[in-house]
Amino acid sequence: MDKDVQMTAADNGEPVDKGVQATDTEDQVDRDVQVTAADIARLGDVGRAAVSNWRRRHDDFPHPVGGTATSPAFSLGEIKEWLLGHSEGRVLPAREWLWQDLRAGVPEEDLADLIADLGAFLVYLDREGDDWAALSAADDAAVAAVLPERVLAACAAPMRNPPPTKCLIRGRLPLLRRVATLAAEDGAGKTFAFLRERYFELHTKRMYATPEPVARLMAELCGPSPEVVLDPACGSGALLKALRDHSDRGVRLLLGQDADEATARLTAAHLALHAATVRVSFGDSLRQDAFPGTLVDAVVCNPPFNDRAWGYEELTADPRWEYGLPPRMESELAWVQHALSHLGPGGIAVMLMPPAVANRRSGRRVRAQLIRRGALRAVITLPLGSIPNMAVALTLWILRRPADSGTPGHVLMVDTSDRQEGFARVAVDAWERFEAGADVDEPGVSRAVPAIDVLDDDIDLTPARYLAPPPADLSPERVTGQRSRMADLLRLVAELVPAVESSRGPKDLPMVPLAELLRRGMLTIHHQSPVRPGEPSEVPDGLTVLTAEDVVDDTPPSATTPDIAVQHEIIVRPGDVLVPNVTRRPAARVAGEGAPVLGLRLSLLRPDPALLDPHFVAGFLSGSVNLRNYATVGSRAQMDVRRAELPLLPIEEQREYGTLNEKHTKSDPLNPHSRVLDARQDHLDIGRLRAISGTSSAAFQSAAVSRTNRRAEATFLGSHGIHFPPMEKMPDSSYSGIRSVPHSP
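Topic: the overall build of the protein chain
- Across its full length, the protein chain carries 25 helices and 27 strands.
- Sequence-distant contacts, at least 24 apart, represent 73% of the contacts inside the protein chain between residues at least 6 apart.
- Just so you have it, the protein chain exposes about 33,900 Å², and 51% of that area is on carbon and sulfur atoms.

What follows is the structure in structure tokens.
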């Protein structure tokens, strides 16, 4: 189909997009590939829920032919026939149908070549649109006779010796005309970006893209005016594209190499469509350098980490190792020296490196030579999480090919690990000041370290080792502000303690584990799973995701799919209770409106509202009565929610407790981190009982904390910025012994 098809929207009531009707498919499906529910939703231009609805409501909906019970796969041919058979005016997206026809039109192993050839064809359309307009009027035989030659001629300028096309044959002309129609509507660059994205979704192991914020940072660190740029492990081309976009004068030539041939071809077409002169080659850069002897202005690289088969035996005498032979287990140091070998005098390289390269003993000789000869100029620690799916914080190494015989006397060390939001600006500012010769010494953030201080026995290049801790802020203004805030907080405490007539203490309440409530059917418990490699997600893109951090900080959902890759479409409903499994402080939250998708490391409790009050459940789960069910893991606490306990009370009493808990969690207007109140509630035993019958403030203090729990609870409260003196020293008539220190959640 070279145009949109139509289908009814009555099944799900979604809005109908404008498009052109089509009544049949113009391309015969050569093989029947399998599609997932997500693919069907795209073909039908509906949400995943609509596909599930079709399966339930239509007896003639195709049955699964593969996959699993939770992630079934269907026949593409059957799905297309069903969608066309149910068309009643709904417009379907032409590009999604084109993509599935591409999959079905060639064997799986030839799909990459087909997409790459379509990329070359789109470069031709982008540069020679008028020529195609005249040529396309001829019959297929005449077009097929001259098209490959014209495509190669159009690609020669931006791609420098492009590989010959394999798929631009007469049998593909109907497909090429569909691609040309789509490019006329969306643009050649956008059309190829879509096809490339779909291909990499299908072959996730073939490509790893450096996140855009990190790619932009690496481009900024290279300076404003490199003309010739190299990425010896270019992958998707994200770093090269970032450099092209950042350069003031415009990059004259982009050089890239990748070990995967399909990825190299797709990247070449992608970059050529963005008006850059490109040469992207296929091969292992360390063993088969595609650009021997070529000197460039800048090298950017995100090399493979921990590669034991990088070529140690056959490359032992390689002339690139002028700073020392890289150890067998240090492939990253081989990539560093490969980058330096391609730099002209004064050229700069920015490398993304794992933190272990900075301090492994096996690499200390090479590191020492990089420092002594002035090649390594800066090491920058990135925040944890800036590179997805990495359990450690990665670093950037900035290297220069010395332009003269002088040896720099300092190395810049920067630690942005505490600057999640503005880490790129901090790094660039420190580097620019260092390059300009200005003094760089910001405690806890950056410092120009004398090279002699680094050249000890370890040659440890970890920035945090050389940075002074930031000084404590004890200014009178800050102390006065903290005192005023604490006075307001203490006044608020008195309002949070109502007088009730119940005389039953927390130890008298019958406690029942959540596992027993689950067995009785009083609630259900749900958990999210991450997307496994090679498996599609059931969750469509663009949905909001509630994370564990959102629950702890009591903020709206902060993430979306597919940035957070979750497996199941578990929708959070109003009244659900959310409990982080691993947290910096105990927390539980009752969901409101919004219907986000459940994120990872969260337990979702769905109580029967006739039997359990959600706010009652949340109050006791976050209270001190369940502290013993948390296991400490480093600076965080881990909880198995099934072991948590609740008192089994009549629903009317639960709702009274729940109302108090809801009031407590919303009543701190002076402190944006209102969960600090939960720490105070834990200390005062409100988490167990929410009120203690008719007591004075002095009696309340003495009843709140038992001697057996004092040390554990003091440690817990201290992590929230609230400290109590020993009980025997606390005044009987006031809270003046409480002091506050700053706390950042």
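Resuming the write-up.
Looking at the pairing of strand E5 (residues 253–258)
- Most of E5 sits inside the fold, with 6 of its 6 residues counted as buried.
- Burial along E5 is two-sided: the face carrying Leu 253, Leu 255 and Gln 257 and the face carrying Leu 254, Gly 256 and Asp 258 are both buried.
- As judged from the 4 bridges shared by strand E4 (residues 228–231) and E5, these two strands associate in the parallel manner. Residue pairing in the sheet places Val 228 in a bridge with Leu 253 of E5.
- Relative to strand E6 (residues 278–282), E5 runs parallel, the two being bridged by 5 bridges.

Regarding unusual backbone geometry
- Cis geometry marks the peptide bond from Thr 561 to Pro 562; its omega dihedral reads 5°.
- Within the element layout of this structure, Pro 562 appears in the loop between strand E17 (559–560) and strand E18 (577–580).
- Here the phi dihedral of Asp 45 falls at roughly 55°; this positive angle occurs in a residue that is not glycine.
- Along the chain, Asp 45 falls in the loop between helix H1 (37–44) and helix H2 (48–57).

Focus: the sheet that holds E17
- If you trace the 3 strands from one edge of the open sheet to the other, you get E17-E16-E21, paired in mixed fashion. Two strands lie at the open edges of the sheet, namely E17 and strand E21 (597–598), each paired on one side alone.
- Pairing of strand E16 (residues 544–546) with E17 involves 2 bridges; the strand directions are antiparallel. Among the inter-strand pairings, Thr 544 is bridged to a residue of E17, identified as Thr 560.

Topic: the nonpolar core
- One finds Leu 102 and Phe 121 to be the most contacted residues of the largest nonpolar core, which totals 88 residues.
- For this core, the element with the highest residue contribution is helix H5 (residues 111–127), accounting for 12 residues.
- Discounting residues that sit within four places of it in the chain, Phe 121 has contacts with Trp 132, Leu 147, Val 151, Leu 168, Leu 176, Val 179 and Ala 180.
- Within the second largest apolar cluster, 42 residues are counted, among which are Leu 255, Val 296, Leu 315 and Leu 370.

Some details on the pattern of salt bridges
- In this structure the tally under the stated criterion is 35 salt bridges.
- Close ionic contact of Asp 284 with Arg 287 constitutes a salt bridge, the shortest N to O distance being 2.9 Å.
- Exposure remark for Arg 287: the relative accessible area of 37% places this residue in the partly exposed category.
- Here Glu 314 and Arg 287 are joined by a salt bridge, their closest N and O atoms 2.7 Å apart. Pair noted here: Glu 314 is in the loop between strand E7 (296–301) and helix H13 (331–341) and Arg 287 is in the loop between E6 and E7, with a separation of 27 residues, a long-range link.

Notes on the pairing of strand E3 (residues 72–75)
- Direction of pairing for strand E1 (residues 34–36) relative to E3: antiparallel, over a ladder of 3 bridges. Paired with Gln 34 across the bridge in E3 is Ser 75.
- Note: strand E2 (residues 66–67) against E3, 2 bridges, orientation antiparallel. Bridged to Gly 67 within E3 is Pro 72.
- The turn joining E2 and E3, which pair antiparallel and follow one another in sequence, is formed by 4 residues.

Here's the deal with the packing of helix H8 (residues 173–186) against helix H9 (residues 188–202)
- Direction vectors running N to C along H8 and H9 enclose 120°, while the axes themselves pass 7 Å from each other. With respect to their mutual orientation, H8 and H9 come out oblique. Contact residues: H8 offers Leu 182, Ala 183 and Asp 186, while H9 offers Ala 188, Lys 190 and Thr 191.

Topic: the sheet that holds E3
- Sheet architecture is open: 3 strands sit in the order E1-E3-E2, paired in antiparallel fashion. Where the open sheet ends on each side, the last strands, each with one partner, are E1 and E2.
- Of the strands in this sheet, E1 and E3 are in contact with helix H3 (residues 76–85), which crosses E3 at around 70°.

Brief notes about the environment of Asp 101
- Along the chain, Asp 101 falls in helix H4 (residues 94–105).
- A C-alpha to C-alpha distance of 8.7 Å links Asp 101 and Leu 175, two positions 74 residues apart in sequence.
- Of note is the side chain of Asp 101, whose polar atom sits 2.9 Å from the side chain of Arg 178.

Things to note about the packing of aromatic side chains
- Considering all chains together, one arrives at 12 aromatic pairs under this definition.
- When the centroid spacing of 6.0 Å and the interplanar angle of 80° are considered together, the rings of Trp 310 and Tyr 312 count as edge-to-face.
- Residue classification places Trp 310 among the buried residues on the basis of a relative accessible area of 1%.
- Taking the centre distance of 6.1 Å and the plane angle of 45° together, the rings of Phe 620 and Tyr 657 count as tilted. Of this pair, Phe 620 sits in helix H20 (residues 614–621) while Tyr 657 sits in helix H21 (residues 651–664), placing them 37 residues apart in sequence.
- Judged by relative accessible area, Phe 620 falls into the buried class, the value being 2%.
- You can call Tyr 657 buried: its relative accessible area is 9%.
- Across from the ring centre of Tyr 323, 4.5 Å away, lies the NZ or CZ of Arg 373, which sits over that ring.

Thresholds, definitions, all that
- Counting from 1, residues in each chain are numbered in the order their sequence is written.
- A pLDDT threshold of at least 70 governs which residues receive local features in this predicted model, and a stricter bar of 80 or more applies before side-chain atom pairs are shown or counted, although totals over entire chains, interfaces and linings include all residues.
- Side-chain figures throughout are based on the complete set of non-hydrogen atoms in the structure, without hydrogens or water.
- Counting from the N terminus, the helices are DSSP H or I runs at least four residues long and the strands are E runs at least two residues long.
- In this analysis, two residues are considered to be in contact whenever any of their non-hydrogen atoms come within 4.5 Å of each other.
- All accessible areas in this document rest on Shrake-Rupley with a 1.4 Å probe, and a residue is counted as covered only by the protein chains that are shown.
- Under the scheme applied here, a residue whose accessible area is under 20% of the maximum for its type counts as buried, over 50% as exposed, and between as partly exposed, the area being computed with a 1.4 Å probe on protein chains only.
- At least two DSSP bridges between two strands are needed for those strands to be called paired.
- Grouping buried Ala, Val, Leu, Ile, Met, Phe, Trp, Tyr and Cys residues that are joined through side-chain atoms within 4.5 Å yields what is termed a nonpolar core.
- By convention in these notes, a salt bridge is any Lys or Arg side-chain nitrogen within 4 Å of a carboxyl oxygen on Asp or Glu.
- In this analysis an axis means a line fitted to C-alpha atoms, helices contributing only their contacting stretch, and an angle means the value between N-to-C directions, from 0 to 180 degrees.
- Just so you know how the angles are binned, under 35 degrees is roughly parallel, over 145 roughly antiparallel, 65 to 115 roughly perpendicular, and the rest oblique.
- Pairs of N or O atoms within 3.5 Å make up the polar contacts considered here, provided that, within protein, one atom can donate a hydrogen while the other can accept it, and that residues adjacent in sequence are counted only when both atoms are side-chain atoms.
- Put simply, two rings from Phe, Tyr or Trp (the six-membered ring, in Trp's case) pair if the centres are within 6.5 Å, and we call them stacked under 30 degrees between planes, edge-to-face over 60, tilted for the rest.
- In this scheme, Lys NZ or Arg CZ marks a charge over a ring once it lies within 6 Å of the ring centre and within 35 degrees of the ring normal.

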